[in-house]
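Fold and geometry: a report
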Amino acid sequence: MNALPPTLIDRFGRRVDYVRLSVTDRCDFRCVYCMAEEMTFVPKPQVLTLEEHFQLAQAFTELGVSKIRLTGGEPLIRNDILSLVKRLGRLPALEQLVLTTNGSQLQRMAKSLRDSGVKRINISLDSLQPRRFRQLTRHGNLDQVVAGIEAAVAAGFERVRINAVILKGRNEDEVLDLVDFAYRRGIDIAFIEEMPLGRILEHDRALSFCGSAELRAIISQRYSMHALGDPGGADGPARYFTLPGSTSRLGFISPHSENFCHLCNRVRVTAEGRLLLCLGNEHSVDLRAVLRSPHYTPDSLKQAIVAAMAIKPERHHFNHEAEPEILRFMNTTGG
Ligand code: SAM
Ligand code: SF4
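Fair warning: this is a prediction, and the values are worked out from it, not measured in the lab.

1. Description of the environment of Ala 57
As for its position among the elements, Ala 57 is in helix H1 (residues 50–62). Sequence spacing of Ala 57 and Val 19 is 38 residues, and the spatial spacing of their C-alpha atoms is 8.3 Å.

Here it is in structure tokens:
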């Protein structure tokens, strides 16, 4: 057996120190850009147990990973998720435990999440109009999500960030309202360009695509924005701006228009335990097979993770004008 390295480095010299764990592919919403209306989810026996998720997290942190994001699907509808969060919160080498949620369960869970060690939280919000919010999420209730955001603000996370996906013809007229919403609460907001993951029928992605430069032009009509250095580092690929007189930061995640693959420091694990080396490619390794092998040991898992670094692709090739090449939906991928 090869000696284990202290850190994960891929063949392009990028250090991987950030893992996104999708703890479930299921969700109580069906956002139009993320899922089809009718979805087939992974059968439960194929989904990793919470114990298996913990073993993964432990292995990654022992290989130098310092940041883990819980995502999904909707992570907060996974049964007993708080028990996993509490265990992760106690992992000695984990500096940043963070979470992405649709906010539907936050009113009752925000405080426990904070107390269990979650430092930062991202909450998706694409509209402030109840009917439109329902249309975009197909099942969501705006009041419930806004109450969840207020609960997160009250719980005292280091940072709360709204994530918004803007689609032409659907919610582009709400860009300034969404910025105002974050600004008034002193929380961050990031606009994410729609990515062509999974085949959706609800809208034509080539027509709905709204690039970050266009959004910046809209926002600069009301706010003067000051750039906060280059993307990368602790804040990941978002390009951040400060807004005057507020602690709010404004971010743009632009996988199409401002490729940031050279800065990539992350990998993802799907709810079934597939280690995905890139959001926009299918290169993956079946870690569930390692975890469930009769020969499993913590070291065999770490060896598999180290070996996987050799197939991390250099970059994605998203093209919103073509048919998606990646047929998995974002809920599988884990945001
Ligand atoms: N359910 C949680 C939520 O909605 O925040 C976590 C998982 S969700 C897949 C993570 C993030 O991915 C959300 O902010 C969502 O808006 C974003 N997302 C989903 N599908 C997307 C797509 N096709 N392009 C860009 N962002 C997408
Ligand atoms: Fe669910 Fe999040 Fe996907 Fe919306 S974006 S359907 S909330 S997983």
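Okay, back to it.
2. Regarding helix H2 (residues 81–89)
Within the sequence span of H2, burial applies to Ile 81, Leu 82, Leu 84, Val 85 and Leu 88. In a view along the axis of H2, the buried residues occupy a sector of 155°, so they form one face of it. In this fold, the buried residues of H2 make contact with H1, strand S4 (67–71), strand S5 (96–101) and helix H3 (106–115).

3. Some details on the pattern of salt bridges
Any two side chains of opposite charge can pair, on the condition that their charged atoms come close. Inspection of every chain in the model, using the stated rule, returns 13 salt bridges. Its salt-bridge partner being Asp 188, residue Arg 159 comes within 2.6 Å of it at the nearest N-O pair. Placement of the pair is Arg 159 in strand S7 (residues 159–165) and Asp 188 in strand S8 (residues 188–192), with a sequence separation of 29 residues. Residue Asp 188 is classed as buried on the basis of its relative accessible area of 2%. With a shortest N-O distance of 2.9 Å, Glu 214 and Lys 168 are connected by a salt bridge.

Thresholds applied
Residues numbered from 1 in each chain as written. Chains lettered and ligands numbered in written order. Predicted model: local features only at pLDDT ≥ 70, side-chain atom pairs only at ≥ 80, totals over all residues. Heavy atoms only, no water. Helix = DSSP H or I, 4+ residues; strand = E, 2+ residues; numbered from the N terminus. Buried < 20%, exposed > 50% of the residue type's maximum accessible area, 1.4 Å probe, protein only. Arc of directions from axis to C-beta. Contact = heavy atoms within 4.5 Å. Salt bridge = Lys/Arg side-chain N within 4 Å of Asp/Glu carboxyl O.

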